[in-house]
Amino acid sequence: MGSPKRPKKKYETPLHPWNKERIELEKELLKKYGLKYKKEILKMNSILVNMKIQAKKYIAAVGKQAEKERQQLLNRIQRLGLIEKLTSLDDILGLTPEAVLERRLQTQLVRKGFARSMSQARQFIVHEHINVNGRKIGVPSYLVRKEEEESIAFSPESAIASEMHPERAQKKPATPADAEGAKEKKVEEAVEVKAEK
């Protein structure tokens, strides 16, 4: 049968484990993005570091193959939506871990109003209530591409797909004027109900 393959680690651990600034930053990110483990931050950092290493390599490289690989890296970054307008490889060097964390499916659910909090978004994903491009996604760290953003939806088989489900996040009005209009509408409806009685 042979020996089982040992899976490759997908992240690099810090060189010095007890760096106070890094620990404080990780705590903030854990809280802000609703992450369960620090390992998730390390994975996102590794993705970012690998992109920066490639960018540095292609900035210095010359030739036909280097140009092709440079363009492939730029296309990949634009597909992921990490930078709105990518003009050169120097823009990649300025990316922060927050840019990658914003592209996670868990974060996108909250930003688009599918969930009230990061923990609720995580639960929806892990329980497979969410579809992206018609596929069920059960991984909160899934990086959503730019073209996939509009295809995020509740799974048709899920009970949460119903608008009347109590766990569905209520859509917030876009402007304060809309909020006032909504309040006035509720008051008018209440007056009409009393008048009918």
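Above this note sits the structure.
No experiment lies behind these values; they were computed from the predicted model shown.

1. Here we look at a positive patch on the surface
A cluster of basic residues, Lys5, Lys10, Lys39 and Lys43, forms a positive patch on the protein surface. Looking at where Lys43 falls in the secondary structure, it is placed in helix 2 (residues 38–60). The exposure class of Lys43 is partly exposed, given its relative accessible area of 31%.

2. Thoughts on the environment of Arg79
Mapped onto the elements, Arg79 comes out in helix 3 (residues 64–80). Residues contacting Arg79, with those up to four places away along its chain left out, are Arg145, Lys146 and Glu147.

3. Details of helix 1 (residues 20–33)
The terminal C-alpha atoms of helix 1, which comprises 14 residues, lie 20 Å apart, in line with the 20 Å expected from a rise of 1.5 Å per residue. All buried positions along helix 1 are accounted for by Ile23, Glu26, Leu29, Leu30 and Tyr33. What you see down the axis of helix 1 is that its buried residues fit within an arc of 125°, all on one side. Away from its buried face, by an angle of more than 90 degrees, helix 1 presents the exposed residues Lys20, Glu21, Glu28 and Lys31.

4. Section: the packing of aromatic side chains
Under the defined criterion, the tally for this structure stands at two aromatic pairs. Their ring planes at 65° and their centres at 5.4 Å tell us that Phe114 and Phe154 sit as a pair that is edge-to-face. Note that Phe114 is positioned in the loop between helix 6 (105–111) and helix 7 (118–126) and Phe154 in strand 3 (residues 153–154), a separation of 40 residues in sequence. Phe154 sits in the buried class, given a relative accessible area of 10%. Ring geometry for Phe124 versus Phe154: centroids 5.7 Å apart, planes at 75°, classification edge-to-face.

What counts as what
- Residues numbered from 1 in each chain as written.
- Predicted model: local features only at pLDDT ≥ 70, side-chain atom pairs only at ≥ 80, totals over all residues.
- Heavy atoms only, no water.
- Patch = residues over 30% accessible without salt bridge, like charges linked within 9 Å, V, L, I, M, F, W, Y side chains within 5 Å.
- Areas by Shrake-Rupley, 256 points an atom, 1.4 Å probe, with all protein chains shown as cover.
- Salt bridge = Lys/Arg side-chain N within 4 Å of Asp/Glu carboxyl O.
- Lys, Arg positive; Asp, Glu negative; His and termini not counted.
- Charge placed at Lys NZ, Arg CZ, Asp CG, Glu CD.
- Helix = DSSP H or I, 4+ residues; strand = E, 2+ residues; numbered from the N terminus.
- Buried < 20%, exposed > 50% of the residue type's maximum accessible area, 1.4 Å probe, protein only.
- Contact = heavy atoms within 4.5 Å.
- Expected span 1.5 Å × (residues − 1).
- Arc of directions from axis to C-beta.
- Phe/Tyr/Trp six-rings, centres within 6.5 Å; stacked < 30°, edge-to-face > 60°.

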